[in-house]
Each structure stands twice: as C-alpha cells, then as structure tokens.
Amino acid sequence: MIAIVDYGMGNIRSVEKGFRRVGDDVMVTLDPKVISASRGIVLPGVGAFKDCMANLDKLDLLEIIKAEITKGKPYLGICLGLQILFSESEEFGLCKGMGIFRGKVQRFKFGDTAYTAAKNVLKIPHMGWNTLRFINKPPIFAEIPDNSYFYFVHSYYVSPEDQDIIAGKTDYGIDFTSMVWKDNIFAAQFHPEKSQQLGIKVLNGFKKFCENN
C-alpha cells in the first residue's frame, strides 16, 4: 500500500480520496512501521514550515521518512511536502529542513505592488489556478500536457541550488520552481488533490510508478 503521512497538517482526507478514486490501496498513518512497510510515501501539507518540521520530529517520523527516501522508495511531496525536502526555510526565521536537496524556501516579496502583463495585482498568498511548464517531465506526469492548470495555495517557494532537479516552473511575478524530480522523489508546490481530473491523473501516475519500482 501507499502510506499517506498524517502529522496534523494538510488535506489528508482529500489526498486519500484521490488515491481511492484511482483504485489504490492507501493507508493514512503516523506509524513508522507502516511507513517502512509501504511501497510509496505521500507527504501532503498546508501551513508553516517550522510547524511541519516540529510535528514530524515530535512524532518520530523525520528519520524514517528520510531513510526510506534515501533507500529509493517512491515519495510524493505536496506543498509543504516539497518544501521540507530542502536545506532550510526563511519562514518565521531560519528553520532547517530535511536537507534531501540543497536550497532555501523563500517568500514572495512583491506584496501588493507587482502586476502581471494584464495589470492584475499579484497578492500573497499565491492562491488559485496557474499553469505548470515542464522543464524535465517526470514519468508520473506522462498523461499531463505542458502548461496545464493546477491549484496553488502558498506564500513561499523553493529555490534549488541544483538546477537539474527542477521539473517544472510557474509564473507568478517571478518564474519560480513549482515541481522537482530526482529518481524516486517527486514533489510539487501545487495540490493535485484539488486540481480535478488532471490532479487525479498525477496521483494515478504516482500509483503506477510505485507498482513498477
């Protein structure tokens, strides 16, 4: 089964329902033994980076998740599940992440003063539908056309040091990294579970990857 990590933050039930729609065996869990026995790990999350890391640490989940990722187990990170892969975040002061990838999580800094070409004011958080432009298309996105729309809710974005892990970008005042991929690790700033049929295709793509790896 696929383990959906429930550490008290995020749309856990929406993610679970999404996987059940594609007919997958999933378990919402905070048990390290279940995570270790799973064929894939999904870590969703909405909220503050520091709270996310604190909750995972308090529940003794950080080390098992990091160990399973390092061993090559398929991992899907959603929103905070993307951000905590990196070295640190500047949210509410510097906070260390898992350090799977080098780089920092930074805040959009344009406030209410930046405008798109259509003269729309850009607000923080970045909330709503926006396009995903592939830089290096991951296999779990095989059925997703370039420049498809996905649903975003975030005020911070990742800045990877290693450009080779950047799988997709999105324009919101700046051209920011909205998706990364390296080997068994897939992570997105947007929310597949809120992105209707295309989001379901992403979850199904991850399911198939877990079955074949």
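Quick caveat, the model's predicted, so the values are computed rather than measured.

Colleague: Can you help me understand helix 4 (residues 62-71) in this one?
Modeller: Turn by turn, an α-helix covers 3.6 residues, leaving residues three or four places apart pointing in a common direction. Those residues of helix 4 lying buried are Leu 62, Ile 64, Ile 65, Glu 68 and Ile 69. Considering only its buried residues, helix 4 is in contact with strand 1 (2-5), helix 2 (32-37), strand 3 (40-43), helix 3 (49-58), strand 4 (75-78) and strand 13 (185-188). Phi turns positive one or two residues past the end of helix 4, at Gly 72, with a value near 110°.

Colleague: Is there a simple way to explain the environment of Cys 52 in this structure?
Modeller: Within the secondary structure, Cys 52 is located in helix 3. Judged by its relative accessible area of 0%, Cys 52 falls in the buried class. Remark: the alpha-carbon pair of Cys 52 and Glu 68, spanning 16 residues in sequence, is separated by 18 Å. Ignoring any residue separated from it by four or fewer positions in sequence, one finds Cys 52 in contact with Tyr 7, Met 9, Leu 80 and Ile 84.

Colleague: Looking at this structure, how should I read the side chain of Asn 184?
Modeller: Here Asn 184 is to be found in the loop between strand 12 (174-182) and strand 13. One polar contact links the side chain of Asn 184 to the main-chain carbonyl oxygen of Lys 73, over a distance of 2.7 Å. Excluding residues within four positions of it along the chain, Asn 184 makes contact with Ile 69, Gly 72, Lys 73, Pro 74, Tyr 75 and Phe 209.

Colleague: For this particular structure, what's the right way to read the state of the cysteines?
Modeller: Between two cysteines, a covalent bond joining their sulfur atoms is known as a disulfide. Under the counting rule described, the total for this entry stands at zero disulfides. Not part of a disulfide, Cys 79 finds its nearest cysteine sulfur in Cys 52, a span of 9.5 Å. No disulfide involves Cys 210; its sulfur sits 20 Å from that of Cys 52, the nearest cysteine.

Rules used throughout
- Residues numbered from 1 in each chain as written.
- Predicted model: local features only at pLDDT ≥ 70, side-chain atom pairs only at ≥ 80, totals over all residues.
- Heavy atoms only, no water.
- Buried < 20%, exposed > 50% of the residue type's maximum accessible area, 1.4 Å probe, protein only.
- Helix = DSSP H or I, 4+ residues; strand = E, 2+ residues; numbered from the N terminus.
- Contact = heavy atoms within 4.5 Å.
- Polar contact = N/O pair within 3.5 Å; in protein donor to acceptor, adjacent residues only side chain to side chain.
- Disulfide = S-S within 2.5 Å.

All quantities given are derived from atomic positions and should not be read as evidence of function.
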